[in-house]
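# Residue-level structural notes
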Amino acid sequence: EISTPRVVFVLLQLDREVLCPPRSHVVCSRLDTDVNKHVCRIAFHGRVDAVIENVATSVRIGKVKERRGVVDKTLDDPAVVIIKEIFRKETNWDVFRGLRVQNVRTKRVGQLDGPFGKAGKVRAVFPNDDVAVPGDVVVLRFTKILFQDKHDRSLGQSPTIYNDQEGSATTFKEDKGSTGGNKSEGGSTSAALLASVECEKKCRTGLVERLKGETAANGSNPSVIAAGLFATAEEAAEFIGAQVATDAAEVGYVEALFGKAGKVRVVFPDGGTLAKVGQTLRLFEK
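The model shown is predicted, which means the values in this text are computed figures rather than measured ones. (Residues numbered from 1 in each chain as written. Predicted model: local features only at pLDDT ≥ 70, side-chain atom pairs only at ≥ 80, totals over all residues. Heavy atoms only, no water.)

## A word on the overall build of the protein
- For the protein, the helix and strand inventory stands at three helices and 16 strands.
- Within the protein, the proportion of its 286 residues that are buried is 37%.
- Summarising the internal contacts of the protein: among those between residues at least 6 apart in sequence, 59% fall at separations of at least 24.
- Approximately 17,100 Å² of the protein is accessible, and the part contributed by carbon and sulfur atoms is 51%. (Helix = DSSP H or I, 4+ residues; strand = E, 2+ residues; numbered from the N terminus. Buried < 20%, exposed > 50% of the residue type's maximum accessible area, 1.4 Å probe, protein only. Contact = heavy atoms within 4.5 Å. Areas by Shrake-Rupley, 256 points an atom, 1.4 Å probe, with all protein chains shown as cover.)

## Points about the nonpolar core
- Membership of the largest hydrophobic core comes to 26 residues, with the highest contact counts inside it found for Phe-87, Phe-96, Leu-112 and Leu-140.
- The element that contributes the greatest number of residues to this core is strand β8 (residues 137-145), accounting for five residues.
- The next biggest cluster of nonpolar side chains, apart from the first, holds 16 residues, and it includes Val-224, Ala-226, Val-264 and Ala-275. (Core = buried A, V, L, I, M, F, W, Y, C linked by side-chain atoms within 4.5 Å.)

## A short note on the pattern of salt bridges
- Enumeration over the complete set of coordinates arrives at twelve salt bridges.
- The partner of Arg-47 in a salt bridge is Asp-49, with the nearest N and O atoms 3.6 Å apart.
- Take Arg-47: its relative accessible area is 47%, and that puts it in the partly exposed class.
- Across the salt bridge formed by Glu-66 and Arg-141, the nearest N and O atoms sit 3.0 Å from each other. Linking Glu-66 in strand β3 (residues 62-74) with Arg-141 in strand β8, this pair joins segments that are 75 residues apart in sequence.
- By relative accessible area, which is 4% here, Glu-66 ends up buried. (Salt bridge = Lys/Arg side-chain N within 4 Å of Asp/Glu carboxyl O.)

## Describing the packing of aromatic side chains
- A full pass over the atoms with the stated rule returns three aromatic pairs.
- Through successive ring pairs, a cluster of aromatic residues spans Phe-87, Phe-96 and Phe-142. (Phe/Tyr/Trp six-rings, centres within 6.5 Å; stacked < 30°, edge-to-face > 60°.)

## Topic: the side chain of Glu-66
- One polar contact links Glu-66 to Arg-68, side chain to side chain, over a distance of 2.9 Å.
- Separated by 3.0 Å, the side chains of Glu-66 and Arg-141 make a polar contact. (Polar contact = N/O pair within 3.5 Å; in protein donor to acceptor, adjacent residues only side chain to side chain.)

## What to know about a nonpolar patch on the surface
- A surface patch of nonpolar side chains, amounting to about 560 Å² of accessible area, comprises Val-8, Val-10, Leu-12, Leu-14, Val-18 and Phe-44.
- With respect to the helices, strands and loops of the structure, Leu-12 is situated in the segment before β1 (25-29). (Patch = residues over 30% accessible without salt bridge, like charges linked within 9 Å, V, L, I, M, F, W, Y side chains within 5 Å.)

## Looking at the environment of Thr-143
- Relative to the assigned elements, Thr-143 resides in strand β8.
- Of the residues examined, Thr-143 reaches a relative accessible area of 16% and is grouped as buried.
- Separated by 14 residues in sequence, Thr-143 and Gln-157 place their C-alpha atoms 5.9 Å apart.

## Thoughts on the pairing of strand β13 (residues 243-246)
- By the bridge criterion, three bridges tie β13 to strand β14 (residues 251-257) in an arrangement that is antiparallel. The residue of β14 that forms the bridge with Val-244 is Gly-252.
- Following β13, the chain reverses through four residues before pairing antiparallel with β14; Ala-249 in that reversal takes a positive phi of roughly 65 degrees. (Pairing = 2+ DSSP bridges.)

What follows is the structure in structure tokens.
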């Protein structure tokens, strides 16, 4: 079986001009690495695909952001739920109107419909066969387009932004406007009360490499080994005790280093985790 290598496109913005002909090979090094340590200093390498004069008009680049809220209650219509803690009350939420959200427990995808009251709560509509209950965690993922005029902010959602969603994908849609505050006030170690997160600024992502400890009757494990959160053990050592969450909003913390390649052991003290090997972990920076 022949596997196709993954291709990643990177935008490089340089402080000054350099001689870099099209299709030449570029190697970028970590110049801040201690020269006395025996570690690889190559950050990445690749071929120059194009030289871009005006980023705003030439390419469309965005960052995926994520917010989490909780189902507060359901209405007489079982398809309509009220979600709290996903926006602050002063947020200009109109730019989020019509965006899709996902119930983490049922994996079903609904749509933001309108505000509910004046405390930042919103109304969302889910398929009739989705049985949401108070306390369900709801996730909102969207792409914030970069390099645009400050008066022309776009939020987009690709059809695959919820990779594990059920049902057919919808077409790409976006709203325009200026976002309000992006961070929920307060914080908690409870999964249901986990504050909203701007992942590209405030968290790191990694993967469950293996499960550790005795598997409970419900299939949960007390800890996992996480890979990809850190590049070196020295870097990982600075985050001992940091909070980590699974896609199902199970919250644990970095307990110890595991080897010398930046891997760590993550412990979930509140009943363990049902995460499987290969699933995403997020580490929340202070």
